[in-house]
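Breakdown of the fold
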Amino acid sequence: MTMPEVDRGSLHALESHFIASEIYRREDLAQRQARIARLVSGDIVPRLLQLHKNIIPEALPDTQLIEVLAPNSADIGGLADVVLGSDLEAAVAYITVLSDRGLALETLFVELLEPTARRLGTMWDHDECDFIDVTLGVARLQKLLAIFNGTHTLPDLATKRRVLMAMTPGDQHSFGVMMVERFLSAAGWQVQTEIAASADEIVETAASDWFAVIGLTAGSTERLATLRDLIPELRAKSRNGRVGIMVGGPMFTAKPELAQDVGADATACSAPTAVLIAQKLFDLRVAA
């Protein structure tokens, strides 16, 4: 798999699809990016691009290749800093090296992109960056994923990036779904959120309007049975027959395998990660 050719101008132009206009047009955006760019250009980029000079045996078995090339915590932190800046060329070059040398996209997603999104969320939790900073970083991670999957050139990209977010019927905790909505909206998605809808109302909404992704949150294991019934019905009646479905909540964070158990495609452990998961589902299920 080879990274598609994308020039600097194209990278810049894509911002309008993957970052909400009210954030991308902020007056202080240039100052924010310049502050991080000084760190990126002086330290992080040279370290990431050192991979170009490393000689990796081409005949290694897949398992050994992953061990040699697998990103470590320093790489994840470095990529987080890069996507917080204004220039994605270093991130593109870094991921291209890993891809060209044999790491599959799924491995790159699991080992690098998703952990980087989690890292950005942790930085926000620890006040190392604010909401605008982490939003820009996560938005650019999803842009990288779209470039890898070739969906960044879809003519109707802006109109298809629609998400239905809903609380599982009976759930009482709205903080999670509202936080995910906030990050998705900031990352350029059109989001419709249902806080108190019944199962029938959620299905009716999915049947009447086209959504690329449906996100369902649940606060306790008591809602698992409801999800097992709701998700198959959503797949059967959704206007988008290839809709991607992600779930979130503390039990899925503790046991990610529960997502498959209830019939979902994926789970996200945090709001920033949910943005990247939504883009992955869009690329693999909607734009395929």
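Relevant structure appears above.
Everything in this summary refers to the structure shown in the same document. Given the structure is predicted, the values throughout are model-derived calculations rather than measurements.

The complete set of buried residues in helix α12 (residues 199–208) reads Ile-202, Val-203, Thr-205 and Ala-206. Seen from one end, α12 has its buried residues packed into an arc of 160°, which puts them on one side. For α12, the exposed residues lying more than 90 degrees away from the buried face are Asp-200 and Glu-204. On the buried face of α12, the contacting elements are β1 (162–167), β2 (190–194), β3 (213–217) and α13 (224–237).

Time to look at the sheet that holds β2. Here 5 strands make up an open sheet; going across it, the order is β2-β1-β3-β4-β5 and the pairing parallel. Of all the strands in the sheet, the pair left with one neighbour each is β2 and β5 (266–267). Alignment of strand β4 (residues 244–248) against β5, held across 2 bridges, turns out to be parallel. Looking at β5, one finds that Val-247 is bridged to Thr-267. Along the sheet, helix α16 (residues 271–286) makes contact with β3, β4 and β5, crossing β4 at roughly 160°.

Here we take up the pattern of salt bridges. Two side chains bearing opposite charge may form a pair once their charged atoms approach each other closely. Enumeration over the complete set of coordinates arrives at 5 salt bridges. Between Asp-261 and Arg-228 there is a salt bridge, with its nearest N and O atoms 2.6 Å apart. Highlighted residues: Asp-261 in helix α15 (residues 258–261) and Arg-228 in helix α13, separated in sequence by 33 residues.

What follows covers α16. Look at α16: 21 Å from first C-alpha to last across 16 residues, which is about the 22 Å you get at 1.5 Å a residue. Of all the 16 residues making up α16, 14 are buried; the element is thus mostly covered by neighbouring parts of the structure.

In this structure, Asp-127 takes a positive phi of about 60° despite not being glycine. Position of Asp-127 among the secondary structure elements: in the loop between α8 (105–125) and α9 (131–149).

Below, the discussion takes up the pairing of β2. Bridge count for β1 against β2 is 5 bridges, and the pairing is parallel. By the bridge assignment, Arg-162 is partnered in β2 with Gln-190.

With the rule as written, the count across this model stands at 4 aromatic pairs. Here Trp-124 and Phe-131 contribute two aromatic rings whose centre-to-centre distance is 6.1 Å and whose plane-to-plane angle is 55°, an arrangement assigned as tilted. Given the relative accessible area of 13%, Phe-131 is considered buried. Centre to centre, the rings of Phe-131 and Phe-183 are 5.0 Å apart; their planes meet at 70°, and the pair counts as edge-to-face. Linking Phe-131 in helix α9 with Phe-183 in helix α11 (residues 175–186), this pair joins segments that are 52 residues apart in sequence. Like Phe-131, the residue Phe-183 is buried in the burial classification. What links up through ring pairs into an aromatic cluster is the set Trp-124, Phe-131 and Phe-183. Seen from the ring of Trp-189, Arg-161 lies directly overhead, with NZ or CZ sitting 4.2 Å from the centre. Across the ring face of Phe-131, the terminal group of Arg-182 is positioned such that the distance to the ring centre comes to 3.8 Å.

Conventions we followed
Residues numbered from 1 in each chain as written. Predicted model: local features only at pLDDT ≥ 70, side-chain atom pairs only at ≥ 80, totals over all residues. Heavy atoms only, no water. Buried < 20%, exposed > 50% of the residue type's maximum accessible area, 1.4 Å probe, protein only. Helix = DSSP H or I, 4+ residues; strand = E, 2+ residues; numbered from the N terminus. Arc of directions from axis to C-beta. Contact = heavy atoms within 4.5 Å. Pairing = 2+ DSSP bridges. Axes fitted to C-alpha atoms, helices over the stretch in contact; angles between N-to-C directions. Salt bridge = Lys/Arg side-chain N within 4 Å of Asp/Glu carboxyl O. Expected span 1.5 Å × (residues − 1). Phe/Tyr/Trp six-rings, centres within 6.5 Å; stacked < 30°, edge-to-face > 60°. Lys NZ or Arg CZ within 6 Å of the ring centre and 35° of its normal.

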